[in-house]
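# Observations on chain architecture
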Amino acid sequence: MSFPLGEDVDASQPVIYIPPRDETATGPDTGDETDQLLAEGYSPFDERDLPGGYVARFKLYRAAWKKCLARVEHIISSLHAPVVDEIVRSVHRAYDDVLPGLPYPELPIIAISGSSTSQGFIANLASRLEASPVEDSEDEDPPPSSYITHLYPSDCSNIMSTMKTLVSGFVDRPPAGQDVKRKPTTSLSSHDIELLKVWHGVHRDAAEGPEPPPQLVVFLHEFEQFDEAVVQDLFYICSSYVPQLPLIFVLALSSPHNSFLNAVYPQSVLSLLRVDAFTVPSGTGFLEEVVTKTFFDLHFEPDIMVGPATLDFLTDFFCRNSASAEGVLLILQLAHLKHFDEPLTAFVRDGQLDAPIAELAPKKLSDPKAAAFVSSLFSWSFGPQKLASNEEGWPVNDVAGLLASIAEARTDFCSHLRRLKLAFGMMRKVYEVILDLGYRVTGTEMTSLEMMSASLKGGLAREGKHLGTITRKLSGEKLSILLGELRSFLDELPDHLDEVHEAQQCVTTTAALLEDDKESADGAQIADEFGDWLIGYFQEHIINLEDLRLWEIWHTGSTPFPSEMINPASRATIVSALLQPHTFLSLPRDHPMAQRLPILKLPDASILFRRYLEAGRMINVYDWYESFSQVIESQRSHLVPADGEDSNGHVDEEEDWKMHVQARFVRALHTLDFVGLVKHTGRKAEHVMRTVYDVPE
Amino acid sequence: MMASYLEQLDCLTRDISDSFPGNDALISQLVTLITTCPPTFTYLHDPHTPRATASLVNALTSSLSAIDAKSFAPDDDAVPIIASAQVNAIVSFSHRLFYDTTFNRLAKWRPRWEDGCENWPGGTAGGVRYNDSLDGFLHGLRALQVQLCGAKTEVKSPRKGRGKTRAQDVAKVVKMVLVVDRVERLKESLPGLLVPLTRLAELSRVDIQTIFISQSPWEDIKPPLGAAVDPFHLLVHPPSQEDTLRILTSHFPTDGDLAAAPHAYHPALAQLYAQYANALYSICSPFTRDPHELAYVAAAQWPNFIAPVLEAQKGLSEFHVISEDVRLRLLRVFLPSFTAALEALVPRRMHARAWCRMPDLSEGPSVDEKNVEAVIRSLPTLQKYILLSAFLASSNPPRTDVRMFARSHDTRSKRRRGGGTRRTPQRSASSSAKVSQRLAGPTPFPLDRMNAILATLLEEHDLETRVIGTEFTQPGEYSEMELMRVHTSSAVAELAAAHLLLRVSPPDRLDGPPMYKCGISFDVALALGRDMRVPILDLIWETG
């Protein structure tokens, strides 16, 4: 099954999981369904989809994800920027900044922990180093240019291939205009570091005046996976050529473990090195920043808003399984993909429905094939109560009216979402200021990520009330601090939004009142009023987005996140596939909903597995075969109703049949063996061991 | 004329002795060996400072080969042309590299990029390959000797009126020296080369002397069955205190400009540096006597040590002499920080540059154990549970698992405290020889066992925090499912890569579950347990 992934899908993603299709969702004719899937792609809500809706939504998905991805990547790179700057600086100064009086020159090493999981970081760093050095106004000396070579563990199984990759990584880029052919036998061999020295000599001679000779930067990716003995030799060889060869090693360590080198390498190797350690920013602070700036920032409006379920999963996965930037991106992307399963999401951006011009959209909806789509759209837009209570007939009378009402719902949703973001931002600000002022805010043990998720459910009423109550008790002086902070917070927001103006106005008025009242020193009443306003404001604006009309189009809501795709349990899936193959295989149409089939109708591997489960710790293979052949026998009698048997060739036929059963048995056995359910032990002849016990059926 | 050559040798010996203090005997021995009639195979065993010795030999042989034999009288046949090459067995890890490096260095050939980085082309016009086999190598040596002699006769030819015989006399005394450093590695990387190198002169029939330098004694390297000739042994003694101090002071990087404004490496400070080195030696020598390590610590400490002096002389154009009183006070204040520096710098928890930038020296860097703890605390939750269960699996004997972890309704109340019933009599019987598990170190365990313990921990301590789907109906089903998830396995692999779990079984063994050992210490595990609210002490079989 090919799944049309766009070019914005990262090709380095190791696994793309394609879930078992839901039987209820398959198209009308299952006969040539593979062809159909190839033609139309995966479409779970086919019965109420728009004709061509899949393609339209896929385009929208691509646009929406691209927008979100660009934003998240921008945030991540700005979070990484300070560390990248520091590393670049220390690479440039690696050979200038040497302590005098050392007994021998050391090999500069830059160890970046936590960076293997964040390929973007290393790529960013490499491109920064490779770019022609920018003239810095502070430094008189221009930083040296750098040549970069990348080493991966797979290239470095022994010292010969390691040196070959290292040397040829540099030497394959010959000095300008001096590409000379080397003889394979009588020239320096390609794994000889002397070759690199000669090559660098040409560069050094070419460098004029104050320009320092180029530096040689070697990236070792996934450093933990390298063979220790090879790396020891590599460092030894390279360290005997510094500083004539300005080599700098950059190690990408996956663990957040600065002392990996100290734990693994002996002192004799470490003493050759000068290790500078850096850490890629990570942790919950990182996630918080990414989520806040993507989904709770008024400067950026993503096409779809992730719901609390996705946010909760994201937080949980990040804290529990793997704290990597790539993981965050993957989860967000999957949330986007899943969201666009819903046919209604064709309206995410506008009502144009992938038509070339807006006027054609009503025509698309008027198509009789789109009737199911329109009716579902209608029932989603106007809930049953609304239709029932409406005495003036249909709320809209034609397709154009429907489209207009969707546009209205969109404006409404966006406006509410903006207010929610604003109110949430203000709440966080008030919370921070109040903490700074030395108040203890009780009852909110939520982390900010939990608060974000709660705010989307409209579940921060208690916290809002609490903060308002504290605000009411603030003295005039403290209130003016709070107002000042809030004003500067609001001033930073985009000023063309009405939602912001509203809040700004109230804060400004209160501040002015407070200013006027300074002499009378009666801030209490103002604080009282402002506190009440805050409570009201929070209550009014932090609402559950799922109460809005047609929220499903722009919000993933509390639909559960498909966590099985990120973190599947492979063995459990195999076992359940063997137990209930019909949920994974397509069945003939006459058994659409069969839950548990009789053993006759199962595939061979499943029959064998059923018998496997009934056996003891060890299985006698012959008994297993016997029981299997019984099932096959009954299958045969079931399928071919016994009519007049002719004795001619009966024996031959029986022989053939036995061979047939044996072949099927061996094949099924190999299947089970292949997925790791059978363990061969030499202890008992003709027996194999089970590897799975206690399977809940 | 003869005298002049010897004088030059004396002068050379003196120079080298100055730059490598404490090796006078060795140097004069080597000079004699190389310039006169040497044994063809010498073994230089230096168990203490092999790096320094290697650079000494390198300096010596290269300056000997730099002596221009032409400047002496042509009839003086005691003046040899010395061609030397020093090859490091680690750097030259293949036959090809070994041969290429040897020839290029013996012939003083510099490959040039424009010529396609060609190696020493050999005596005859190209086309002959000397780097493909040992046989080629031997032929190459002969060709090299011919070339070295030939060059000699060519130079002589304008003045040659006195006949050919003399030229041949000169040709006789081309001496080649091949020094192989880190020979112990030759045994692993190029074992076939070891024996031929020991009898190189015999095999190649040229005047070549082989010198092996190694940290290991010859007995450990010697090929079996007496295939190699016995070497002429030279043993380097560890440097005495006096020598070490001389080495340390020789590393003081001063430019000798007395008129310069005060700076940390002003020549006037050399005397103070000597005193400083003396103090450093007296404190650090019980821990390490390696001159390089001591010099490293000295270099790292010096900028901070001298800072108060420089501060006092700030803005002065010339250096003022420091009084004895100030020196003693300075040293006394600094004494405690030497040990801290030693502890941080010798295992390279920090490099010298970072050390001398540290504001407060007396404390030293944060203790390593604490560091590891902080790192482990920043791990994802699941990895913390894996570490805890690995620790438990490594500390408890497998037979106690059922008692420690079995969770059924009837055993629950019994087991809670102290981990079941202990059979004390049985333990006391073997107690005399029994070593506490904590001292014996972690024991290996199969991954399956750790997974089982992990499931128990997750079920008991983590389940409350999870939102469990309705499809999980049986007790323990959820945790079991967690175990089988992809990210649990990848977390184990990640921890193994970070050496927090140590894989004991070879990675290519497919049969049976992989074996691991726990990589965290008792204290770290306790702290982690406190963090995760897992009562580790209750779950360990042997708390003593």
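Residues numbered from 1 in each chain as written. Chains lettered and ligands numbered in written order. Predicted model: local features only at pLDDT ≥ 70, side-chain atom pairs only at ≥ 80, totals over all residues. Heavy atoms only, no water.

### Details of the environment of Arg332(B)
Residue and element names in this part refer to chain B. For clarity, the cut-off: Labels follow the DSSP assignment, with helices taken as runs of H or I lasting at least four residues and strands as runs of E lasting at least two, numbered in each case from the N terminus. Relative accessibility under 20% of the residue-type maximum defines a buried residue, over 50% an exposed one, and the middle range a partly exposed one, all with a 1.4 Å probe and only protein chains included.
With respect to the secondary-structure elements, Arg 332 resides in helix α14 (residues 324–345). Taking the relative accessible area as the measure of exposure, Arg 332 reaches 57% and is therefore exposed. Each C-alpha atom, one on Arg 332 and one on Ala 279, is 9.4 Å from the other, the two residues being 53 residues apart in sequence.

### Details of the interface of chain A and chain B
Keep this limit in mind: We call two residues in contact whenever any of their non-hydrogen atoms come within 4.5 Å of each other. By convention, the term buried area covers the 1.4 Å-probe accessible surface removed from two parts as they join, with the contributions of both added. Only one rule defines a salt bridge in this text: a Lys or Arg side-chain nitrogen within 4 Å of an Asp or Glu carboxyl oxygen. Pairs of N or O atoms within 3.5 Å make up the polar contacts considered here, provided that, within protein, one atom can donate a hydrogen while the other can accept it, and that residues adjacent in sequence are counted only when both atoms are side-chain atoms. Gly is placed with the polar residues, together with every amino acid not listed as nonpolar (Ala, Val, Leu, Ile, Met, Phe, Trp, Tyr, Cys and Pro) or charged (Asp, Glu, Lys and Arg).
Contact residues are listed per partner, giving 73 residues for chain A and 66 residues for chain B. Interface area for chain A against chain B, summed over the two sides, is near 5,900 Å², with a carbon-plus-sulfur share of 56%. Linking chain A to chain B there are seven salt bridges. The tally of links between chain A and chain B comes to 27 residue pairs in polar contact (both at pLDDT 80 or more). Ranked by residues supplied to the side of chain A that touches chain B, first place goes to helix α5 (residues 193–206) of chain A with six residues. The residue makeup of the side of chain A that touches chain B, split by class, is 38 nonpolar, 19 polar and 16 charged.

### Quick look at a nonpolar patch on the surface
Note the following rule: Patch membership is restricted to residues that have no salt bridge and whose relative accessible area is over 30%. Joining uses 9 Å for like charges and 5 Å for the nonpolar side chains Val, Leu, Ile, Met, Phe, Trp and Tyr. Residue burial considers only the protein chains on display, and all accessible areas are found by Shrake-Rupley using a 1.4 Å probe.
A cluster of nonpolar side chains, contributed by Ile574(A), Phe674(A) and Val675(A), occupies part of the molecular surface with about 300 Å² of accessible area. Considering the arrangement of structural elements, one finds Val675(A) in the loop between α25 (650–674) and β7 (678–680).

### Considering the pairing of strand β4 (residues 247–252) of chain A
Residue and element names in this part refer to chain A. Rule in force here: The rule for pairing is simple: two strands pair if DSSP sees at least two bridges between them.
Taking burial as the measure, the six residues of β4 include six buried ones, the bulk of the element. Two strands pair when backbone bridges link them, and strand β1 (residues 107–113) and β4 are joined in this way by four bridges, in the parallel orientation. Looking at β4, one finds that Ala 111 is bridged to Leu 251. Relative to β4, strand β3 (residues 215–220) is paired through five bridges, and the arrangement is parallel.

### Examining the packing of aromatic side chains
Selection criterion: For Phe, Tyr and Trp, rings pair up if their centres lie within 6.5 Å, where Trp contributes its six-membered ring, and each pair is then called stacked (planes under 30 degrees apart), edge-to-face (over 60) or tilted (otherwise). Counting as a charge over the ring demands two things of the Lys NZ or Arg CZ atom: a distance within 6 Å of the ring centre and an angle within 35 degrees of the ring normal.
One pass over the structure, following the stated rule, counts 44 aromatic pairs over all chains. Plain terms: the ring middles of Tyr276(B) and Trp302(B) are 5.0 Å apart, the flat faces sit at 65° to each other, and that makes the pair edge-to-face. Of the two residues, Tyr276(B) is situated in helix α12 (residues 270–284) and Trp302(B) in helix α13 (residues 291–312); the sequence distance between them amounts to 26 residues. Both residues of the pair, Tyr276(B) and Trp302(B), count as buried. Over the ring of Tyr104(A) we find Arg51(B), and its NZ or CZ is 4.0 Å from the ring centre. The side chain of Arg348(B) reaches across the aromatic face of Tyr296(B), ending 3.6 Å from its centre.

### Here we look at the packing of helix α17 (residues 381–395) of chain B against helix α24 (residues 486–497) of chain B
If you want to describe how two helices pack, look at the angle between their axes and the distance between the axes. Residues and elements named next belong to chain B. Counted only if it meets this: Each axis is a line fitted through C-alpha atoms, and for a helix only the stretch in contact is used; angles between axes span 0 to 180 degrees, taken between their N-to-C directions. For this classification, under 35 degrees means roughly parallel, over 145 means roughly antiparallel, 65 to 115 means roughly perpendicular, and everything else is oblique. Rotating anticlockwise by less than a right angle from the far helix to the near helix defines a left-handed crossing, while the corresponding clockwise rotation defines a right-handed one.
Two elements in contact, α17 and α24, have axes whose closest approach is 10 Å; the angle formed by their N-to-C orientations is 65°. Relative to α24, the element α17 lies roughly perpendicular. Where α17 crosses over α24, the two elements pack in a sense that is right-handed. Side by side, α17 and α24 meet where Leu 382, Gln 383, Ile 386 and Leu 387 of the first sit next to His 487, Thr 488, Ala 491, Val 492, Glu 494 and Leu 495 of the second. The residue inventory of the contact of α17 with α24, partitioned by class, reads six nonpolar, three polar and one charged.

### Considerations on the side chain of Asp192(A)
What counts is decided by this rule: This count recognises Lys and Arg as positive and Asp and Glu as negative, with His and chain-terminal groups excluded.
Relative to the helices and strands, Asp192(A) is located in the loop between α4 (159–171) and α5. The side chain of Asp192(A) is buried and forms no salt bridge, while Arg105(B), the nearest opposite charge, is found at 7.3 Å. Not counting chain neighbours up to four residues away, the residues in contact with Asp192(A) comprise Val167(A) and Leu97(B).

### A short note on the pattern of salt bridges
In this structure the tally under the stated criterion is 38 salt bridges over all chains. In this structure, Asp462(B) and Arg320(A) form a salt bridge, with 2.5 Å as the shortest nitrogen-oxygen distance. On the criterion of chain membership, the pair formed by Asp462(B) in helix α22 (residues 447–462) and Arg320(A) in helix α10 (residues 308–320) is interchain, its members lying in two chains. Note on accessibility: Asp462(B) and Arg320(A) belong to one class, buried. Through salt bridges with shared partners, a single network forms among Arg320(A), Glu564(A), Asp462(B), Glu482(B) and Arg485(B).

### Remarks on helix α3 (residues 119–130) of chain A
Residues and elements named next belong to chain A. Test applied: Expected span of a helix, by definition, is 1.5 Å for each gap between consecutive residues, and there is one gap fewer than residues. What the arc describes is the spread of directions from the helix axis to the C-beta atoms.
When the terminal C-alpha atoms of α3 are compared, their 16 Å separation across 12 residues agrees well with the 16 Å that a helix rising 1.5 Å per residue should span. Within α3 the residues assigned to the buried category are Phe 121, Ile 122, Leu 125, Ala 126 and Leu 129. All buried residues of α3 fall inside an arc of 130° around its axis, so they share one side. Looking at the buried side of α3, the elements it contacts are α2 (53–92), β1, β2 (146–151), β3 and β4.

### Describing the nonpolar core
Soluble globular proteins: nonpolar side chains tend toward being buried together. Residue and element names in this part refer to chain A. Counted only if it meets this: Take the buried Ala, Val, Leu, Ile, Met, Phe, Trp, Tyr and Cys residues and link them wherever side-chain atoms come within 4.5 Å; each set so joined is a nonpolar core.
Of all hydrophobic cores here, the largest spans 105 residues; its most connected members are Val 291, Phe 296, Leu 422, Met 426, Leu 479, Leu 490 and Phe 530. Here this core gets 16 residues from one element, more than from any other, and that element is helix α15 (residues 399–436). With sequence-adjacent residues up to four places away left out, Leu 479 is seen in contact with Thr 471, Leu 474, Leu 514, Ile 526, Ala 527 and Phe 530. Of all hydrophobic cores here, the second largest spans 73 residues; its members include Ile 159, Leu 196, Val 218 and Leu 253.

### Focus on the UniProt feature "domain: ORC5 lid" (unreviewed entry) in chain B
The test is simple: UniProt positions are given in the numbering used here, feature names are shortened, and annotations may be inferred rather than shown by experiment.
As recorded in UniProt, the feature "domain: ORC5 lid" (unreviewed entry) lies at residues 273–322 of chain B. Along residues 273–322 of chain B, the helical share is 68% and the strand share 0%, with 12 Å between the first and last C-alpha atoms.

### Overview of the side chain of Thr310(A)
If you trace the backbone, Thr310(A) turns up in helix α10. Apart from the residues lying within four places of it in its own chain, the contact partners of Thr310(A) are Ala335(A), Thr556(A) and Phe561(A).

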